[in-house]
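Architecture at a glance
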Amino acid sequence: MRCLIVLFLAGCCPLLSGQISEPPSDTLLDAGHCLAADHRDWLDVTREKPYEVELGYVSVDKSDPGKPAPLYLIEFTTPTHTAGFAFVFLSRDKESHHDFLKRSKESNRDLQLQSRIRFQQSDDGSQQVNLVDAPLGGVGTQDDILAAIRQVGFHTWRVPVADLQHHSGSAQCDMAEALM
């Protein structure tokens, strides 16, 4: 009987963790690649040398196809999701090209990093997430970032750092100099 309970619990653990079992999207891999491959080491992979990072993202639908839309990439630095970084990109799809590679429109994009904001859960027991570094843009920007963190929740992927560093996506990265 104990053996059956242990097997049942072992089978449920992946379901309870909230991590997504399907492979990460090109959008997440493109944005993660921009951070991991940049010489400023946005994900602290050279200092901390992790095997993998835990990432989630929220992409805002845009009503005007010609204008950039926000893309929020969330990196959790603790297993309990009590701290991490929110990266805000402006994402612009390039015009669809019909070439021999048949690139999807989603992976054919420009990504411009706008900000990197550290967040953590408060210590007062309220489980309130606070932004440690206030972003430029005021209260509306802060609310958008906090909403993205809440929306990602535990719906994340554990992505090997090597996959991010060597990802062959077609995104063009524009990493701002003043953000580090």
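Treat the numbers as computed from the prediction; the structure is a model and nothing was measured. (Residues numbered from 1 in each chain as written. Predicted model: local features only at pLDDT ≥ 70, side-chain atom pairs only at ≥ 80, totals over all residues. Heavy atoms only, no water.)

Describing the overall build of the protein
- Each helix and strand counted, the protein has 5 helices and 7 strands in total.
- Overall, the protein shows an N-to-C arrangement of helices and strands of α-α-α-β-β-β-β-β-α-β-α-β.
- In the protein, which comprises 180 residues, the share counted as buried stands at 38%.
- Within the protein, contacts between residues at least 6 apart in sequence are counted, and of these 63% link residues at least 24 apart.
- As displayed, the protein has an accessible area near 11,000 Å², and 54% of this comes from carbon and sulfur atoms. (Helix = DSSP H or I, 4+ residues; strand = E, 2+ residues; numbered from the N terminus. Buried < 20%, exposed > 50% of the residue type's maximum accessible area, 1.4 Å probe, protein only. Contact = heavy atoms within 4.5 Å. Areas by Shrake-Rupley, 256 points an atom, 1.4 Å probe, with all protein chains shown as cover.)

A short note on the packing of aromatic side chains
- Counted according to the given criterion, the structure contains 3 aromatic pairs.
- The interplanar angle of 25° and the centroid separation of 6.1 Å between the aromatic rings of Tyr57 and Trp157 together place this pair among those described as stacked. Within this pair, whereas Tyr57 is found in strand E1 (residues 52-59), its partner Trp157 is found in strand E6 (residues 157-160), the two being separated by 100 residues in sequence.
- For Trp157, a relative accessible area of 9% translates into the label buried.
- Here Phe85 and Phe87 contribute two aromatic rings whose centre-to-centre distance is 6.3 Å and whose plane-to-plane angle is 35°, an arrangement assigned as tilted. (Phe/Tyr/Trp six-rings, centres within 6.5 Å; stacked < 30°, edge-to-face > 60°.)

Side note on helix H4 (residues 138-152)
- Taking 1.5 Å per residue as the helical rise, H4 with its 15 residues ought to reach 21 Å, and the 22 Å between its terminal C-alpha atoms agrees with that figure.
- Taken together, the buried positions of H4 are Ile145, Leu146, Ala148, Ile149 and Val152. Buried residues of H4, seen end-on, are gathered within an arc of 155° and therefore sit on one face of the element. Residues of H4 that are exposed and point over 90 degrees away from its buried face: Val139, Arg150 and Gln151.
- Close packing links the buried residues of H4 with E1, strand E2 (69-76), strand E3 (83-93), strand E4 (109-121) and strand E5 (129-131).
- Just past H4, the residue Gly153 takes up positive phi, approximately 50°. (Expected span 1.5 Å × (residues − 1). Arc of directions from axis to C-beta.)

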